[in-house]
Amino acid sequence: MPLTVAIVGRPNVGKSTLFNRLVGRRQALVHPTPGVTRDRREGEAALLGLSFRAIDTAGLEDAGGETLAGRMQAQTARAIDEADLLLMLVDARAGVTPLDAHFADALRRSAKPVVLAANKCEGGAGAAGLVEAWRLGLGEPVPISAEHGEGLSALFDALAPHAGLPRDAVEGGADDGEGALNLAIVGRPNVGKSTLVNRLLGEERVLTGPEPGVTRDAVWVAWSWRGREIRLIDTAGLRRKARVTERLERLTAGDTHNAIRFAHVAVLLVDGVEGLEKSDLTIARQIAEEGRAMVLAVNKWDAVADRGGRIGEICDRLERSLPQLRGIPVRTLSALSGRGVERLLPTVFEIYEIWNGRVDTGPLNRWLAGTVDRHPPPIVDGRRLRLRYMTQIKTRPPTFALFASRPAAVPESYLRYLTNGLREDFGLTGVPIRIALRKGRNPYV
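Residues numbered from 1 in each chain as written. Predicted model: local features only at pLDDT ≥ 70, side-chain atom pairs only at ≥ 80, totals over all residues. Heavy atoms only, no water.

A.B. asks: Honestly, the overall build of the protein in this entry has me stumped. Any pointers?
C.D. replies: On a plain count of helices and strands, the protein comes out with twelve helices and 17 strands. In the protein, which comprises 445 residues, the share counted as buried stands at 53%. When contacts within the protein are restricted to residue pairs at least 6 apart in sequence, those whose partners lie at least 24 apart make up 69%. Taken as a whole, the protein presents about 20,200 Å² of accessible surface, with 49% of it coming from carbon and sulfur. (Helix = DSSP H or I, 4+ residues; strand = E, 2+ residues; numbered from the N terminus. Buried < 20%, exposed > 50% of the residue type's maximum accessible area, 1.4 Å probe, protein only. Contact = heavy atoms within 4.5 Å. Areas by Shrake-Rupley, 256 points an atom, 1.4 Å probe, with all protein chains shown as cover.)

A.B. asks: Before we go on, may I ask you to explain helix H8 (residues 278-289) in this structure?
C.D. replies: Residues lying three or four places apart along an α-helix face the same way, a consequence of the helix completing one turn every 3.6 residues. Its twelve residues place the ends of H8 16 Å apart at the C-alpha level, agreeing with the 16 Å of an ideal helix rising 1.5 Å per residue. Every buried residue of H8 is accounted for by Ser279, Asp280, Leu281, Ile283, Ala284, Gln286, Ile287 and Ala288. (Expected span 1.5 Å × (residues − 1).)

A.B. asks: Would you explain the sheet that holds strand S5 (residues 114-119) in this entry?
C.D. replies: By definition, the strands of a sheet pair up through backbone hydrogen bonds, in either a parallel or an antiparallel sense. Read from one edge to the other, the open sheet built from six strands follows the order S2-S3-S1-S4-S5-S6, with strand pairing classed as mixed. Sheet topology places strand S2 (41-47) and strand S6 (142-143) at the edges, where each strand pairs with a single neighbour. In terms of strand pairing, strand S1 (residues 3-8) meets strand S4 (residues 85-91) through four bridges, oriented parallel. The partner of valine 5 across the bridge, within S4, is leucine 85. This element, helix H1 (residues 15-23), spans S1, S2, strand S3 (50-56) and S4 of the sheet and lies at about 55 degrees to S2. Running over the sheet, helix H3 (residues 98-109) touches S1, S4 and S5 and is turned about 165 degrees from S4. (Pairing = 2+ DSSP bridges. Axes fitted to C-alpha atoms, helices over the stretch in contact; angles between N-to-C directions.)

A.B. asks: Can you help me understand the packing of aromatic side chains in this one?
C.D. replies: Inspection of every chain in the model, using the stated rule, returns six aromatic pairs. When the ring of tryptophan 225 is compared with that of phenylalanine 349, the centres are 5.6 Å apart and the planes differ by 10 degrees; the resulting orientation is stacked. With a gap of 124 residues between them, tryptophan 225 in strand S8 (residues 219-225) and phenylalanine 349 in helix H10 (residues 344-355) connect regions that are remote in the sequence. Summarising the burial analysis for this pair, tryptophan 225 and phenylalanine 349 share the class buried. Relative to phenylalanine 403, the ring of tyrosine 389 has its centre 6.0 Å away and its plane inclined at 50 degrees; by these criteria the two rings are tilted. Taken together, the residues tyrosine 389 in strand S15 (residues 387-394) and phenylalanine 403 in strand S16 (residues 399-404) connect sequence positions 14 residues apart. Accessibility assignment for this pair places tyrosine 389 and phenylalanine 403 in one class, buried. (Phe/Tyr/Trp six-rings, centres within 6.5 Å; stacked < 30°, edge-to-face > 60°.)

A.B. asks: Please clarify how the sheet that holds S16 should be interpreted in this entry.
C.D. replies: With respect to topology, three strands assemble into an open sheet ordered S15-S16-S17, the strand pairing being mixed. At either end of the open sheet lies a strand with only one pairing partner, and these are S15 and strand S17 (434-439). Ignoring which end each strand starts from, the neighbouring axes of this sheet average 25 degrees apart. Sheet topology note: the S16/S17 ladder contains six bridges and is parallel. Bridge pairing in S17 links alanine 401 to alanine 436. Packing against the sheet, helix H11 (residues 361-374) makes contact with S15 and S16, and its axis sits at approximately 140 degrees to S15. Where helix H12 (residues 412-425) meets the sheet, it contacts S15, S16 and S17, and its direction lies at approximately 125 degrees from that of S17.

A.B. asks: Can you walk me through the nonpolar core in this structure?
C.D. replies: If you look at soluble globular proteins, the nonpolar side chains tend to sit buried side by side. By size, the foremost hydrophobic cluster in this structure holds 50 residues, and its most contacted members are Leu183, Leu196, Leu232, Val265, Val348, Leu387 and Met390. By residue number, the principal contributor to this core is H10, which donates seven residues. Beyond its immediate sequence surroundings of up to four residues, leucine 232 is in contact with Leu183, Ile185, Val197, Leu200, Leu201, Val219, Trp220, Val221 and Trp223. Counting 28 residues, the second largest nonpolar core, distinct from the first, contains Leu3, Val13, Phe156 and Leu159. (Core = buried A, V, L, I, M, F, W, Y, C linked by side-chain atoms within 4.5 Å.)

A.B. asks: Where do I start with the side chain of glutamate 122 in this structure?
C.D. replies: Tracing the sequence through the fold places glutamate 122 in the loop between S5 and helix H4 (127-132). Here the side chain of glutamate 122 touches arginine 93 through a polar contact of 2.8 Å, side chain to side chain. Side chain to side chain, glutamate 122 and serine 145 meet in a polar contact 2.8 Å long. Setting aside its immediate chain neighbours within four residues, glutamate 122 contacts Arg93, Ser145, His148 and Glu150. (Polar contact = N/O pair within 3.5 Å; in protein donor to acceptor, adjacent residues only side chain to side chain.)

A.B. asks: Can you walk me through the pairing of S16 in this structure?
C.D. replies: Residues in a regular strand project their side chains so that they alternate between the two faces of the sheet. Of all six residues making up S16, six are buried, and the element is well covered by its neighbours. Side chains Thr399, Ala401 and Phe403 project from S16 onto one buried face, and the interleaved Phe400, Leu402 and Ala404 project onto a second face that is buried too. Here S15 runs beside S16; their pairing, made up of six bridges, is antiparallel. Following the sheet pairing, tyrosine 389 is matched in S16 by phenylalanine 403. Handedness of the crossover joining S16 and S17 through H12: right-handed. (Right-handed = clockwise from strand over helix to strand, strands pointing away.)

Right, here's the structure in full:
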């Protein structure tokens, strides 16, 4: 029997939006008005190869009896009884409400396993609510955006063990070093992405040719390298938006963007002969904004005349244009001849482990105290800002909550100073680092 997952939560947190995304079609009505969903709705859902039965439910409310709200709650209760797993959704932008806490208590006392997901986390807008969600006592919240399709790979990692899959086959965390790694090969058209995929696989698995745009949709290939499971994704080339005019090309570009969202690591392939172009940096910036780990692979290296000058030019431009990815690994290769390709995957797994990295709270706060002593925060309106406490709230990418006396007054330059310190002192080189500012004292005291 397939896993049955009931999506539960208070009204208007995005349950139907997530349901539609999981079942792959607009099956449930979505509207900002609370209470649009009244009957439970079922569908066959799929997430990164994991198949299960999803149940969309009416929003949990404190209602009963023969009222409409009471009958809706009875439907939701039956869905909960039928489910093998409860997926509780909270609105990270709105934060944790008393109604969230009330129903989290009820779910926690039930015999059913619960996965907690914090919705509406796109663009870091829900960082504060993501931290608050820990208070519900349902474990680590999974940050997602049902509307934009972000965070679904992390949701897969949370659901898969409950489907009977071995935990080490899905988590891919830094502790066990195992798990299926989603690896996307991305770049401009005609830089050799499909040639590299075929070289890695050792067979002509995807179509190649001298014409730009041979690959149109993202091709997922299940593969194993040295005993490690990999989902290798060959993608269509990305051009500047101003040059994308045909509807088909817009669709293929959207497919590539989705592949980046699902990836754990993205290999950005650039043409060594042409060098690092503006469109390459645009793709790299998108990878960083999505929070993915990245390796820069310079292809056609055997055709480069001044290799020392070219690699220096690429690294210098990366340092100036993408300081948020300082230390990103750069590998030179020739996908056509195979030279240098053997160094790519070890580098991919190295950056993957850093992306999964976790820093213990004790060493982190000792580091924060020393860092602040060396370079105190600025004085604002006659009072020095106080940084009270820091803790890592998630991995993939490493994300930290920083509790400050006046979060809004902490300047961006000081956050960059802290980010660079974290990167250098804890070995988090080459991956995006996020810091969510919060107001208040140490939440664990």
